[in-house]
Amino acid sequence: MASNTPTLLVEDLKTYFYTKAGVAKAVDGVSFSVAKGEVLGLVGESGSGKTVTGFSIIGLVDPPGKVAGGRILFNGEDITGASEERMRRLRGSRIAMIFQDPMMTLNPVLRIDTQMIEAVQAHDKVDRKTAFERSRDALGQVGIPSPEERLKAYPHQFSGGMRQRVAIAIALLHKPDLIIADEPTTALDVTIQGQILYEVQKLCRERGMSLIWITHDLAVVAGLADAICVMYAGRIVETGAIAQVIDQPLHPYTHGLIGSVPSHNRRGQPLAQIPGMAPSLLNMPQGCAFHPRCPRADAKCLEIPGVTTPRQPDHRVRCFHPHAGAAA
Amino acid sequence: MSVYIIRRLLQAVLVVAAMSVLVFAGVFMIGDPADILISDDADQAERQRLIESLGLDLPVHMQYLRFLAKALQGDLGTSFVFNEPALLLILDRMPATLELAFSALLLAVVFGIPLGMWAGLKPDSLASKSIMAGSILGFSLPTFWVGIMIIMIFAVMLGWLPSGGRGTTRELFGIDVSFLTVDGLLHLVLPAVNLALLKISLAVRLTRAGTREVIHQDYVKFARAKGLHPRRIVLVHVLKNILIPVITVLGLEFGSLIAFSVVTETVFAWPGMGKLIIDSINQLDRPVVVAYLMITVCMFIVINLIVDLLYSLLDPRVRLQDVKG
Amino acid sequence: MTATADVKELKGVAAEAPLAVKDQTPFRRFLSDFAESKVAVAGFFGFLIIVLIAILAPWISPTNPYDLATVDILDSRLPPGESMMTGTVAWLGTDGLGRDMVSAMFYGLRISLGVGAASGLVALCIGVCVGLASAYFGGRVDTVIMRIVDLQLSFPAILIALVLLATLGKGVDKIIIALIVVQWAYYARTVRGSALVERSKEYVEAAMCLGLSHNRVVFRHLLPNVMPPLIVVGTVQVAHAIALEATLSFLGIGLPVTEPSLGLLISNGFEYMMSGKYWISIFPGVALLVTIVSINLVGDRLRDVLNPRLAR
């Protein structure tokens, strides 16, 4: 699958929020890439900067937030300083996003057909009829029964799962190169979660689309992604192929995350948990942001650790004391 | 839905009945009505005859029932000053007031909503800050004071527009209106602006607050993520969401426009019901006062009812709940 | 107990927040929050000056505008800056009866503010009692009271005042009554709203379980907690009351000519305005405007500072 230019290349991205109480470094030097057709899992607790990373890519960081540094290359094009009009043309057509809460993503006072047709016509000069047909087909593809009728309905006449399907259908309308899915299943029932997960995965594979799946749930990513980035307090602390990271986590934080997922292998043992709370972005600990909660921390951790590859070249970690050979 | 309408109608009838008691008690029970209703130069015999014919010798509750029965027949008494039925007198002046109030409402919608959206979309720009400062002033300034200032600037100093009266009117469906003639329109501008100012400020505030709330909603961000043109996002996604509540509130304010036209009509010598009521209060023409109050209260209740019903028709969410419930 | 815990928690938050200034009493913090808006501070001092003028009017006025011995009809409608027969300079001109405008305005402010404050205070007391009773007793009492409040608030203030004045007639006492009737419902609704929120909290239940008397629970526990919204509504209402009184007096159905408030002064000058004698109407108008705007500026700022939802 790998081609020379990745679909997305993020280099040293910094997105800061300039609030009255100080500068919140929501994303502070994040780098990763997504190859064509690749599924990347972006994992972290709430407040770790994963959602802001997603919005930074699509250019929708709301004030007082601002991309303060770094580069975002989309299909080789630097879109960091792109004009608003250029970004608008990319959004929805080349880069699509699916939001967390399907109850909130559809406009309550507009019918579904209005919201889908406008999405078609925003990028393609087609008449209403064609746009309507494309919307209907897209709804059919995401498994909504009798799409023609459902198009005439208002969002509140849909269940949460159905709404998320509509949102996915809208994201798929223009067959984008990259989809950013921001915890799209978190707000849904477990059974619906599975279906949506399966369908998104299937649709992406069929069309060779790249996917960034943002989640706090390691288990979801494990079954879905090719590669994974673990974020903590605005930085990527560990990244690598899914098998590497899940089976042999290097960073104590990743280690803790995996330990806190229920598993068959450790039945009967109490679930491990990471002590303490994620730090406030306005009041970051000195050095490695994780050290106050880290079992392996020492005086060295008061400095910011660099990126190292202690085991395999594409399995990177930001830690002075990685679990070198300890795991597995 | 129909249960809801019936309940609202019953409520309305109850309020009208309560108001009629209040107005009756207020106007007819305080002081000796005979002194007010009968002219001073009537002799004792004639006085007695009038008291009997007006039913003033009857017990209080009978008097009230008499008043009510007459009111239901459309007889709200006869003006002392004009010697005409009070109801007719008021209905005669009503079109002028309604024209003024509608014009003001129109101005509030046409100016208030766009200005409010601007202020909500670009809260930090100089223009928005000026708009908000203006709306605070619009809220603070008493209507009569603004009216005087408008007259001084546009009529006295600049001499651009007339300061009072309705100007030339033309008949439309049997009613005289000002807005069909140039002269009438010129006469309408200042009073309508004066009356509208408070409501423009209100519309600006409501729209701004609504816009600020809506633009931070996920569905607006999602609309942006779809790559929609900013103009479409503002004019369709944002506007449609704030329009329903703003229009509802402005509709409810129509009654208050009629009440406030009392002030504007007095300042601009606009020959409507408002000016009539002030003149009548000052001339102790109580039948006209009673008639005005009863009519205004009824208008209020009808307006509130209509707006409530319209609201439930406009909002798809409310509509659906009613169907389900 | 809960209250102390809350305070501790608040202190903890303040200590953690990086930019929060430590060791401040709540009142000092309120002051510094308030002073952040220069406009509001200006409004506050403007209001202070106006209140001082109103209180001191008899001592600082150049002339006594109601002393018939010194008022001379020959002085009538003098433009600003001219000297009157007594030799006093009428800096803002004289009115149709030959009264010095500065003095007339000082006295007018006294009446306007007095009527506004008196009606506001009484309405506040009534509204607080009714609102607290409504929230505390709940049930049928609450339903009946709130029905009345809602009904009254569905009519504009000016219409209610019109009804009352049409039946009561003119007079200082009558306009104060009218303004009280107009205002009490706003206070009642505000107090009930916040008292209901407070009432559902555990410390009130605890106080009730301890068998404290109604009065003690209501006035020692509920009342202090409904103060912030009450202060905001009170400020705004006083401004409203002053504006409404001026409007009614301007319409000629408010105060009698013997008690000329600002509204009446403006009304008196209105007839001379067409002939270019602007000062008789305009200067009292400016005084009224400054009064109302400065109160509103303070009120707006108080709303921002005292609103817990907006607290940073």
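Up top is the structure these notes are about.
Read on for an overview of the structure. Values in this document were obtained by computation on a predicted structure and should not be read as measured data.

1. Some details on the state of the cysteines
Residues and elements named next belong to chain A.
Step number 1: Tallied over the entire structure, the rule returns zero disulfides over all chains.
Step number 2: We note that Cys-204 lacks a disulfide partner, and the nearest cysteine sulfur, in Cys-229, lies 17 Å from it.
Step number 3: On the basis of relative accessibility, which here comes to 2%, the residue Cys-204 falls in the buried class.

2. Overview of the interface of chain C and chain B
Interface size, as often reported, equals the accessible area lost upon joining of the parts.
Step number 1: Taken together, the 36 residues of chain C in the interface contact 38 residues of chain B.
Step number 2: Buried surface at the junction of chain C and chain B, both sides included, amounts to about 3,100 Å², of which 83% is carbon and sulfur.
Step number 3: Per-residue buried area on chain C facing chain B is highest for Phe-155, Thr-167 and Leu-251 of chain C; these three make up 16% of the total on that side.
Step number 4: The salt bridge partner of Asp-300 of chain C is Arg-205 of chain B, with a shortest N-O separation of 4.0 Å.
Step number 5: The tally of links from chain C across to chain B stands at one residue pair in polar contact (both at pLDDT 80 or more).
Step number 6: At the level of elements, helix 5 (139-153), helix 6 (157-168), helix 9 (214-251), helix 10 (262-273) and helix 11 (279-306) of chain C are the ones that each hand at least two residues to the side of chain C that touches chain B.
Step number 7: Ranked by the residues each element gives to the side of chain C that touches chain B, the list is headed by helix 11 of chain C, at 10 residues.
Step number 8: Tallied by class, the residues present in the side of chain C that touches chain B amount to 25 nonpolar, eight polar and three charged.

3. A short note on the sheet that holds strand 10 (residues 235-241) of chain A
Residue and element names in this part refer to chain A.
Step number 1: Judged by pairing direction, the sheet is mixed, and its eight strands sit side by side in the order 6-7-8-3-9-10-12-11 without closing on themselves. Edge strands, defined here as strands with exactly one partner in the open sheet, are strand 6 (95-98) and strand 11 (307-308).
Step number 2: Bridge count for strand 6 against strand 7 (residues 178-182) is four bridges, and the pairing is parallel. Residue Met-97 lies in a different strand from strand 7, and its bridge partner there is Ile-180.
Step number 3: Of the strands in this sheet, strand 3 (39-43), strand 9 (227-232) and strand 10 touch helix 11 (residues 252-259), which is tilted by about 105° from strand 9.

4. Side note on the pattern of salt bridges
Step number 1: Counted by the stated rule, this structure contains 26 salt bridges over all chains.
Step number 2: In this structure, Asp-12 of chain A engages Lys-14 of chain A in a salt bridge whose closest nitrogen and oxygen atoms are separated by 3.9 Å.
Step number 3: Look at Lys-14 of chain A and you get partly exposed, because its relative accessible area is 27%.
Step number 4: Its salt-bridge partner being Glu-183 of chain A, residue Lys-50 of chain A comes within 3.4 Å of it at the nearest N-O pair. Placement of the pair is Lys-50 of chain A in helix 1 (residues 50-58) and Glu-183 of chain A in the loop between strand 7 and helix 8 (190-207), with a sequence separation of 133 residues.
Step number 5: One network of salt bridges, in which partners are shared, links Asp-62 of chain A together with Lys-221 and Arg-224 of chain B.

5. Details of the pairing of strand 8 (residues 210-215) of chain A
Residue and element names in this part refer to chain A.
Step number 1: Most of strand 8 is tucked away, with six of its six residues classed as buried.
Step number 2: Side-chain alternation along strand 8 places Ser-210, Ile-212 and Ile-214 on one buried face and Leu-211, Trp-213 and Thr-215 on a second face that is also buried.
Step number 3: One ladder, built from five bridges, connects strand 7 with strand 8; its direction is parallel. Its bridge partner lying in strand 8, Ala-181 is registered against Trp-213.
Step number 4: Handedness of the strand 7-helix 8-strand 8 crossover: right-handed.

6. Quick notes on helix 10 of chain C
Step number 1: If you check helix 10 of chain C, its first and last C-alpha atoms are 16 Å apart, about what 12 residues at 1.5 Å a residue would give, namely 16 Å.
Step number 2: Most of helix 10 of chain C is tucked away: nine of the 12 residues are buried.
Step number 3: For helix 10 of chain C, every residue scored as buried is listed here: Leu-262, Gly-263, Leu-264, Leu-265, Ile-266, Gly-269, Phe-270, Tyr-272 and Met-273 of chain C.
Step number 4: Taken together, the buried residues of helix 10 of chain C touch helix 7 (143-157) and helix 10 (230-268) of chain B together with helix 4 (101-137), helix 9 and helix 11 of chain C.

7. Quick look at the layout of surface pockets
Step number 1: Of the voids in this model, the second largest pocket is the one considered here, and its volume is about 830 Å³.
Step number 2: Asp-62 and Pro-63 of chain A together with Leu-121, Ile-215 and Arg-224 of chain B are, among the 24 residues lining the second largest pocket, the residues nearest its centre.
Step number 3: Ranked by residue count, the leading element in the lining of the second largest pocket is helix 5 (residues 86-121) of chain B, at five residues.
Step number 4: Classifying every residue of the lining of the second largest pocket gives 15 nonpolar, two polar and seven charged.

8. A look at the packing of aromatic side chains
Aromatic ring pairs are reported here in terms of the distance separating the ring centres and the angle at which the planes meet.
Step number 1: Here the structure, examined in full by the defined rule, presents nine aromatic pairs over all chains.
Step number 2: Seen from their ring centres, Tyr-232 of chain A and Tyr-253 of chain A are 4.6 Å apart, and the 55° between their planes marks the pair as tilted. Here Tyr-253 of chain A lies in helix 11 and Tyr-232 of chain A lies in strand 9, a separation of 21 residues in the sequence.
Step number 3: Each ring, one from Phe-44 of chain C and one from Phe-45 of chain C, has its centre 5.6 Å from the other, and the planes form 75°; the classification is edge-to-face.
Step number 4: Relative accessible area serves as the criterion here: at 36%, Phe-44 of chain C is assigned to the partly exposed category.
Step number 5: Every member of this aromatic cluster is reached through a ring pair, and the members are Phe-55 and Phe-99 of chain A together with Phe-222 of chain B.
Step number 6: Lying across the ring of Trp-118 of chain B, Lys-122 of chain B places its NZ or CZ 5.6 Å from the centre.
Step number 7: Across the ring face of Phe-55 of chain A, the terminal group of Lys-221 of chain B is positioned such that the distance to the ring centre comes to 3.6 Å.

Scoring rules and cut-offs
Sequence order sets the numbering: in each chain, residues are counted from 1 along the sequence as written. Lettering of chains starts at A and numbering of ligands starts at 1, both following the order in which they are written. Since the coordinates come from a predicted model, pLDDT governs what is reported: local features require at least 70, and pairs of side-chain atoms require 80 or more to be given and counted, while whole-chain, interface and lining totals use all residues. Computation of side-chain values: all heavy atoms of the structure, hydrogens and water removed. When two cysteine sulfur atoms are found within 2.5 Å, that pair is recorded as a disulfide. Each residue is assigned to one of three classes by its accessible area relative to the maximum for its type, calculated with a 1.4 Å probe on protein chains only: buried under 20%, partly exposed between the two thresholds, exposed over 50%. Any two residues having at least one pair of non-hydrogen atoms within 4.5 Å are treated as being in contact. Buried area: the sum, over both parts, of the accessible surface (1.4 Å probe) that disappears when the two are put together. Salt bridges are defined by distance alone: a side-chain nitrogen of Lys or Arg within 4 Å of a carboxyl oxygen of Asp or Glu. Each polar contact in these results corresponds to two N or O atoms within 3.5 Å; when the atoms are within protein, one needs to be able to donate a hydrogen and the other to accept it, and residues that are neighboring in sequence are counted only if both atoms are side-chain atoms. Per the convention used, a helix needs a DSSP run of H or I reaching at least four residues, while a strand needs a run of E reaching at least two, with both numbered from the N terminus. Residue polarity is assigned by list, with Asp, Glu, Lys and Arg as charged and Ala, Val, Leu, Ile, Met, Phe, Trp, Tyr, Cys and Pro as nonpolar; anything else, Gly included, falls into the polar class. One requirement defines pairing of two strands: DSSP has to find at least two bridges between them. Inter-axis angles, ranging from 0 to 180 degrees, are taken between N-to-C directions of lines fitted to C-alpha atoms, where helices are fitted over the stretch in contact. The handedness rule is simple: strands pointing away from the viewer, and a clockwise path from the first strand over the helix to the second, make the crossover right-handed. In this scheme, a helix's expected span is set at 1.5 Å multiplied by one less than its residue total. Only protein atoms enter the calculation, which uses a 1 Å grid: trapped sets of points that fit a 1.4 Å probe without letting it out are cavities, open sets showing protein on both sides within 12 Å along at least five of seven lines are pockets, and any residue with an atom within 4 Å of a point is a lining residue. Grid points are joined across faces, edges and corners, and a volume is the space filled by probe spheres set on the points. Two rings from Phe, Tyr or Trp (for Trp, the six-membered ring) form a pair when their centres sit within 6.5 Å of each other. Planes less than 30 degrees apart are called stacked, planes more than 60 degrees apart edge-to-face, and all others tilted. Our definition puts a charge over a ring when NZ of Lys or CZ of Arg is within 6 Å of the ring centre and also within 35 degrees of the ring normal.

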